[in-house]
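# Analysis of the macromolecular model
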Amino acid sequence: MDDLQENNIRTEEQKVKRLPLTSDYVFKRIFAREENNSMLKDFLESILNIHINKVEVKNPELTPNMADEKLGILDLKLDIDNEKVVDVEMQVSNEHNIKERSSTYLSKLAAEQLKAKQNYKELKKIITINILKYNYLERNAYHSIARMKYEDTNPIEFVDMGYKKEEEEATNTFEMHFIELPKFKQKNPDCNTKLEQWLWLIDGSEEEKVKMSAKENEEINKTVEELNKLSKDPDEVAKYEEREWSIMRYNVEMKTNRELGEKEGRKENKRKNRESVKKHEFIYRTNSSSSWTNQKRSRSNIKNTGKLEKKCKVQTSLFRQMNLANSFKEVKEVPVWEPLKFLL
């Protein structure tokens, strides 16, 4: 009887679809809870590759108007050991701005610290962690870390100061992490490291890998149990679905607006092209008309020049004879009537 009851419970559990950690709502719902702090600490240690004594969630609340908000607002703002400020964000839709967005968050978190302390030396290290459900970076790694570094020295600007090894890091205050889940899945690693274990759970597509990870890591096992409990709660499922509907609606609106913008852009380009063609046609007609007028004037000038040359030849012939002759009677007759007809 006990075995039958246990089987029924197991069968019932198998029917429940586990809510995905790739949902920003589910992600924050799990990791923002105080009782799940050890899971969050283990997860952060796997990404940052450091030992963490204490982690504090600065924004554990979920906004009441969550369904009407833009994507990406359900992030986690954390303080690690009172030394580091971390922002963790789950990105499900590619808005083609994640690098700029992450850089902006770094600046914003730095500005918030300076407002409170007004001392650059007391500025805590700022880290952004972006977990992407899509490929974005043109890099051959599923986990990319960006820091501020100096470029290689320009040979023209080289000065021999005797340094055996030059500084490479400009500052260690800012750090960005990008984890691209499709690349991780394509690599298809085992569950040997903490990061691999956590990413298989977050990806959620390989149940066997999730089970292996839960077996290897107690914190992941506890996270799976929390996810299963959350997935059985009708209210939580409704909130998850509400958030997913909001995301879908937002994406459709963005796509529609983009298509309308492209359509209007094509119309505007066609209008400009027509105006350009008309302008060039007008210039061509004007130039053609001017050219025809100039050609007509040129032909007229050539004709008049010819007539004038003929007139000069006749006059020259007459004067030459008059100079040689003793009187007008000795001047020979010159056929002046033809060349001088235009003067009559």
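Above this text is the structure in question.
Residues numbered from 1 in each chain as written. Predicted model: local features only at pLDDT ≥ 70, side-chain atom pairs only at ≥ 80, totals over all residues. Heavy atoms only, no water.

### Digging into the sheet that holds strand β4 (residues 125-132)
Read across the open sheet, the six strands follow the order β1-β2-β3-β4-β6-β5; overall the sheet is mixed. What marks the edges here is a single partner per strand, and that holds for β1 (55-57) and β5 (143-149). Each adjacent strand pair in this sheet contributes to an overall mean axis angle of 20 degrees, direction not counted. When β1 meets strand β2 (residues 76-80), the two strands line up antiparallel, connected through three bridges. Residue pairing across strands places V57 opposite L78, the latter belonging to β2. (Pairing = 2+ DSSP bridges. Helix = DSSP H or I, 4+ residues; strand = E, 2+ residues; numbered from the N terminus. Axes fitted to C-alpha atoms, helices over the stretch in contact; angles between N-to-C directions.)

### A closer look at the packing of aromatic side chains
Within this structure, the stated rule accounts for eight aromatic pairs. Residues F27 and F43 carry aromatic rings whose centres are separated by 5.9 Å and whose planes lie at 75 degrees to one another, so their mutual orientation is edge-to-face. Residue F27 is located in helix α2 (residues 24-31), and its partner F43 is located in helix α3 (residues 37-48); the two are separated by 16 residues in the primary sequence. F43 carries the same exposure label as F27, and that label is buried. When the ring of F31 is compared with that of F43, the centres are 5.3 Å apart and the planes differ by 20 degrees; the resulting orientation is stacked. On the criterion of sequence distance, the pair formed by F31 in helix α2 and F43 in helix α3 is long-range, its members being 12 residues apart. Of the two residues, F31 and F43, both sit in the buried class. Aromatic ring contacts, followed pair by pair, group F27, F31, F43 and W198 into a single cluster. (Phe/Tyr/Trp six-rings, centres within 6.5 Å; stacked < 30°, edge-to-face > 60°. Buried < 20%, exposed > 50% of the residue type's maximum accessible area, 1.4 Å probe, protein only.)

### A few points about the side chain of Q113
Within the secondary structure layout, Q113 lies in helix α4 (residues 98-117). Among the residues examined, Q113 registers a relative accessible area of 10% and is labelled buried. Reaching out from Q113, the side chain makes a polar contact with the backbone nitrogen of K124 at a distance of 2.7 Å. (Polar contact = N/O pair within 3.5 Å; in protein donor to acceptor, adjacent residues only side chain to side chain.)

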